[in-house]
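Residue-level listing of the chains:
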Amino acid sequence: MRCPRCSGVEDRVMDSRTAEEGAAIRRRRECLACGRRFTTYERLEEVPFVVVKRSGHREPFERAKVVAGLKAAGKNRPLSLPLLEQIAAEVEETLRLEGSEVTSQQVAWPCWTHCGGATTSPISASPACTKALLTQATFSARQAC
Ligand SMILES: [Zn+2]
């Protein structure tokens, strides 16, 4: 880490401890060239997760929208909110493995699967998916996703 005083890049870590309730690691460093002490914080890199709409428009992925879509699709079905949230969370986790950008179709696919609109998905069905499919046999709700 470049020294704020002399711009030297050699330093030693004098102390390391967690900060921000475990969300960061605080390191106390000492520049080997000039002896200046400074502090750095290490955090998880926040990877932006973006949905590319059919129009080409990009917007941040919002799990709440997936939940809303599933909810609208299943309004006449006994789908509990915790189940919908679990499905949405699994959809998000699966999609994040695909990269930092997904298309709206990719988001819709697992939704369709849940809605009975599709029985195969390019994304393998999660346990919650399968469970939902078993209990929600057939209702078509493409438009809701
Ligand atoms: Zn220095």
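Given the structure is predicted, the values throughout are model-derived calculations rather than measurements.

Thresholds, definitions, all that
- Residues numbered from 1 in each chain as written.
- Predicted model: local features only at pLDDT ≥ 70, side-chain atom pairs only at ≥ 80, totals over all residues.
- Helix = DSSP H or I, 4+ residues; strand = E, 2+ residues; numbered from the N terminus.
- Contact = placed C-beta atoms within 7 Å.
- Pairing = 2+ DSSP bridges.
- Axes fitted to C-alpha atoms, helices over the stretch in contact; angles between N-to-C directions.
- Buried ≥ 20, exposed ≤ 12 C-beta atoms within 10 Å, placed from the backbone.
- Core = buried A, V, L, I, M, F, W, Y, C linked by C-beta atoms within 7 Å.
- Expected span 1.5 Å × (residues − 1).
- Arc of directions from axis to C-beta.

**Considering the overall build of the protein**
Regarding its fold elements, the protein presents four helices and six strands. Contacts in the protein between residues far apart in sequence, at least 24 positions, make up 47% of those at least 6 positions apart.

**Regarding the sheet that holds strand E2 (residues 24–31)**
With antiparallel pairing, the three strands of this open sheet are ordered in space as E1-E2-E3. Since the sheet does not close on itself, it has two edges, and those belong to strand E1 (11–19) and strand E3 (37–43), each with one partner. The mean angle between the axes of side-by-side strands here comes to 25 degrees, regardless of whether they run parallel or antiparallel. Bridge count between E1 and E2: eight bridges; the pairing is antiparallel. Its bridge partner being in E2, Val 13 is matched across the sheet by Arg 29.

**Here's the deal with the pairing of E1**
The buried count for E1 comes to zero of nine residues, which makes it a mostly uncovered element. With antiparallel pairing between neighbouring strands as the criterion, E1 and E2 make up a hairpin whose turn holds four residues, including Glu 20 at a positive phi of roughly 50 degrees.

**So, the nonpolar core**
Nonpolar side chains in soluble globular proteins tend to be buried together. Judged by nonpolar contacts, Val 51, Val 66, Leu 70, Leu 84, Ile 87, Ala 88, Val 91, Leu 95, Val 102 and Val 107 together constitute the single largest core of ten residues. Listed by contribution, the elements that provide at least two residues to this core are helix H1 (63–73) and helix H2 (81–96).

**What to know about the environment of Val 47**
You can see Val 47 is positioned in the loop between E3 and strand E4 (50–52). A residue is classified by how many C-beta atoms lie within 10 Å of it, and Val 47, with 9 of them, is exposed. Here the alpha-carbon distance between Val 47 and Arg 96, two residues 49 residues apart in the chain, equals 9.3 Å.

**Remarks on unusual backbone geometry**
Within the chain, Ser 7 stands out as a residue other than glycine whose phi angle is a positive 70 degrees. Along the chain, the position of Ser 7 falls in the segment before E1. Overall, Ser 7 belongs to the exposed group, with 10 C-beta atoms counted inside 10 Å. Unlike most non-glycine residues, Glu 20 shows phi in positive territory, near 50 degrees. Relative to the helices and strands, Glu 20 is located in the loop between E1 and E2.

**Some details on H2**
Counted at 1.5 Å a residue, the expected span for H2 with its 16 residues is 22 Å, and the 22 Å between its end C-alpha atoms agrees. Every buried residue of H2 is listed here: Leu 84, Ile 87, Ala 88, Val 91 and Leu 95. Summarising the axial view, the buried residues of H2 lie within an arc of 100 degrees, below the 170-degree limit, and thus occupy one face. Turned more than 90 degrees off the buried face of H2, the exposed positions are Pro 82 and Glu 93.

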